[in-house]
Amino acid sequence: MTLDLDTFFSASARSMRRSLIRELLKLTARGGIISFAGGFPDPATFPVTELQEVTRDILADQAHRALQYSTTEGDPRLRDELARWMAKDGITANRDQILVTSGSQQGLDLVGRIFLDPGDVVVVELPSYMAALQVFRACRAEMVGVPQDEEGMQTDRLAQVLADLARRGRRPKFIYVVPDFQNPSGITWTEERRRGLLQLAAQYDTLVVEDNPYREIRFEGTPPPPIQSLDGGARTIYLSTFSKTLCPGLRIGWMVAREEVIAQLVTAKQGMDLCSPAFTQAIAAEMLRRDILYRRLPVITAVYRRKRDAMLRALQREMPPGVRWTRPQGGLFLWVRLPAGMDTEALLAEAVERERVAYVVGSGFHADGGGQEAMRLNFSYPSEEEIDEGIRRLARLVQRHLPLSTSSTIPRTTVSD
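Note that the structure is a prediction, hence the values are computed from the model and not measured.

The rules behind the values
Numbering of residues begins from 1 in every chain and follows the order in which that chain's sequence is written. Only residues with pLDDT of at least 70 get local features here, since the model is predicted, and only at 80 or more are side-chain atom pairs given and counted; chain-wide, interface and lining totals rely on the full set of residues. With hydrogens and water excluded, all non-hydrogen atoms of the structure serve as input to the side-chain values. Comment: elements are numbered from the N terminus, with helices defined as DSSP H or I runs of at least four residues and strands as E runs of at least two. The buried label applies to any residue whose accessible area, calculated with a 1.4 Å probe on protein chains only, is under 20% of its type's maximum; exposed applies above 50%, and partly exposed to all values in between. Surface exposure here means Shrake-Rupley accessible area, sampled with a 1.4 Å probe, where a residue is shielded only by the protein chains that are shown. Working convention for charge: Lys and Arg count positive, Asp and Glu count negative, and His plus the chain ends are omitted. Every charge is mapped to an atom, namely NZ of Lys, CZ of Arg, CG of Asp or CD of Glu. Here, strands pair whenever DSSP counts at least two bridges between them. Nonpolar cores are built from buried Ala, Val, Leu, Ile, Met, Phe, Trp, Tyr and Cys residues. Side-chain atoms within 4.5 Å join them into one set. Contacts: residue pairs with any heavy atoms within 4.5 Å of one another. A side-chain nitrogen of Lys or Arg and a carboxyl oxygen of Asp or Glu constitute a salt bridge if their distance falls within 4 Å. Expected helix span is computed as 1.5 Å times (number of residues minus one). Ring pairs are drawn from Phe, Tyr and Trp, using the six-membered ring of Trp, whenever the two centres fall within 6.5 Å, and their geometry is named by plane angle: stacked under 30 degrees, edge-to-face over 60, tilted for the rest. Geometrically, a charge over a ring is one whose NZ (Lys) or CZ (Arg) sits within 6 Å of the ring centre while staying within 35 degrees of the ring normal.

1. Some points on the overall build of the protein chain
Point 1. Looking only at helices and strands, the protein chain has 15 helices and 15 strands in total.
Point 2. For the protein chain, the C-alpha atoms occupy an extent of roughly 65 × 65 × 55 Å along the three principal directions.
Point 3. The buried share among the 417 residues of the protein chain stands at 56%.
Point 4. A total accessible area of about 17,600 Å² is found for the protein chain, and carbon and sulfur atoms account for 50% of it.
Point 5. Seen as two clouds, the 53 positive and the 53 negative side-chain charges of the protein chain have centres 2 Å apart.

2. Quick notes on the sheet that holds strand S2 (residues 98-102)
Point 1. Read from one edge of the open sheet, 8 strands run S2-S9-S8-S7-S6-S3-S4-S5, paired in mixed fashion. Looking at the sheet topology across the chains shown, the edges are occupied by S2 and strand S5 (152-153).
Point 2. As paired elements, strand S3 (residues 121-126) and strand S6 (residues 174-177) share 3 bridges and run parallel to each other. From the neighbouring strand, valine 122 faces S6, where its bridge partner is phenylalanine 174.

3. Some thoughts on the nonpolar core
Within soluble globular proteins, side chains that are nonpolar generally end up buried alongside one another.
Point 1. Ranked by size, the top nonpolar core spans 106 residues in total, and within it Phe136, Tyr176, Tyr359 and Leu377 carry the most contacts.
Point 2. Here this core takes 11 residues from helix H13 (residues 292-318), the largest share from any one element.
Point 3. With near-sequence residues (within four places) excluded, phenylalanine 136 lies in contact with Leu116, Val122, Val124, Ala141, Met143, Phe174 and Tyr176.
Point 4. With 18 residues, the next largest nonpolar core counts Leu158, Leu165, Trp189 and Ala201 among its residues.

4. A short note on unusual backbone geometry
Point 1. Across the junction of leucine 126 and proline 127, the peptide omega takes the value 0°, indicating a cis bond.
Point 2. Structurally, proline 127 is set in the loop between S3 and helix H7 (130-138).
Point 3. Of note, the amide linkage connecting asparagine 183 to proline 184 takes the cis form, showing an omega dihedral of 25°.
Point 4. Inspection of the secondary structure puts proline 184 in the loop between S6 and helix H9 (191-203).
Point 5. With phi around 55°, arginine 251 is a residue other than glycine that occupies positive phi space.
Point 6. In this structure, arginine 251 sits in the loop between strand S8 (236-241) and strand S9 (252-256).

5. Comments concerning the pattern of salt bridges
Point 1. Tallying each qualifying case throughout the model produces 42 salt bridges.
Point 2. Among the salt bridges present, the one from arginine 215 reaches aspartate 89, with a minimum N-O distance of 3.4 Å. Here arginine 215, found in the loop between strand S7 (207-211) and helix H10 (227-231), pairs with aspartate 89, found in the loop between helix H5 (76-87) and S2; they are 126 residues apart in sequence, far enough to count as distant. The same class applies to arginine 215 and to aspartate 89, which are both buried.
Point 3. Put simply, glutamate 355 and arginine 396 hold a salt bridge, and the shortest N to O gap is 2.7 Å. Separated by 41 residues along the polypeptide, glutamate 355 in the loop between helix H14 (344-353) and strand S12 (357-358) and arginine 396 in helix H15 (residues 384-401) bring together distant segments of the chain.
Point 4. On the basis of relative accessible area, glutamate 355 is assigned to the buried category, the value being 4%.
Point 5. One salt-bridge network, held together by shared partners, links Lys88, Asp89, Asp180, Arg194, Arg215 and Glu216.

6. A closer look at H15
Point 1. Between its terminal C-alpha atoms H15 stretches 26 Å, which fits the 26 Å expected from 18 residues at 1.5 Å a residue.
Point 2. Buried residues of H15: Ile387, Gly390, Ile391, Arg393, Leu394, Ala395, Leu397 and Val398, and no others.
Point 3. Looking at the packing, one finds that the buried side of H15 touches strand S1 (34-35), H13, H14, S12 and strand S14 (374-378).

7. Focus: the packing of aromatic side chains
To describe a pair of aromatic rings, you give the distance between the ring centres and the angle between the ring planes.
Point 1. For the structure shown, the criterion picks out 10 aromatic pairs.
Point 2. Centre to centre, the rings of phenylalanine 136 and phenylalanine 174 are 5.4 Å apart; their planes meet at 65°, and the pair counts as edge-to-face. Taken as a pair, phenylalanine 136 in helix H7 and phenylalanine 174 in strand S6 lie far apart in primary sequence, 38 residues in all.
Point 3. Since its relative accessible area comes to 0%, phenylalanine 136 is described here as buried.
Point 4. Across from the ring centre of tryptophan 85, 3.8 Å away, lies the NZ or CZ of lysine 88, which sits over that ring.

Quick look at the structure:
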């Protein structure tokens, strides 16, 4: 008799979906494929020499502590350094308001664990970060999307969504946003939109989850204040990470929230992993104490600025009329929209098998099932030469499938989604 294991899985497990990006990365690992799919940092930005020095010093002077279990809240010295790190952006927090996580993705999972019951409502951007949608879907939450434009989530549309939910006697548990160089679009919210979000959150008595992993990677312009700094953390749960600036291998992320929220998050984390690695926390704390990351940020942003510019030039040069894309002021991604009627998911197999180039389909970032004509492109990991060649291959694919109705008079341009 064959054992039907599906009958043993929980309802939550059965609702889970594999990450489109992680599955695609398995395919592109075969070699010979230029991948714009993942969000990997450029290894050339990793501070290898400094990490070697810091690691050697820690093992010489702190091994008894750094190789032991840590507290669930995180190394107190790291939390103090994180408070100092965030102060430059106007975020005021003490160590008791900070929880160290194993990457910011663990923070999202913890948010789902302590706030969401099946059927709860979460308001998200359209498009929104795919891995966050994956967490909320696993919690069996109902996601309601609000479109964005070049200034961020459209607050008039958000007001309509919240009012409609209120009329039906429903209140979202939180509004999830990525306001700086958003993944996937690359868009940055204006300060006006950030303040408007907080006003609506207060009016409809809900929370804001601000996911901010890319803020430090700014190429141009003046940074708006974090949402958390605008309300002093009264309604905002703030998440960030060093995966995009220091290196992802350390798996150092953190959360900032009111102490009563942190206490609940700590309880949930204890049942998950007891604590994040003490060794990597000690390394991160020392890298911050010595101001190594502060000094390296200009070098990191210069690398990614060159790559962004290379991708923008290649898109302008290669893409046929009717294709539009964003021009991010920072971060790791930009968002491409093909003419109406085109389906990036339907084109993906041909892109990989024939053109040997990969991207992430737009539908994976849409809680409402939309985004078929869009794709996310990563510029941080491929070389400038690979960017040129990859966009050339991608343009060939698009040109072959361009609708006949697309007029040659439609310009190639940047666009906000």
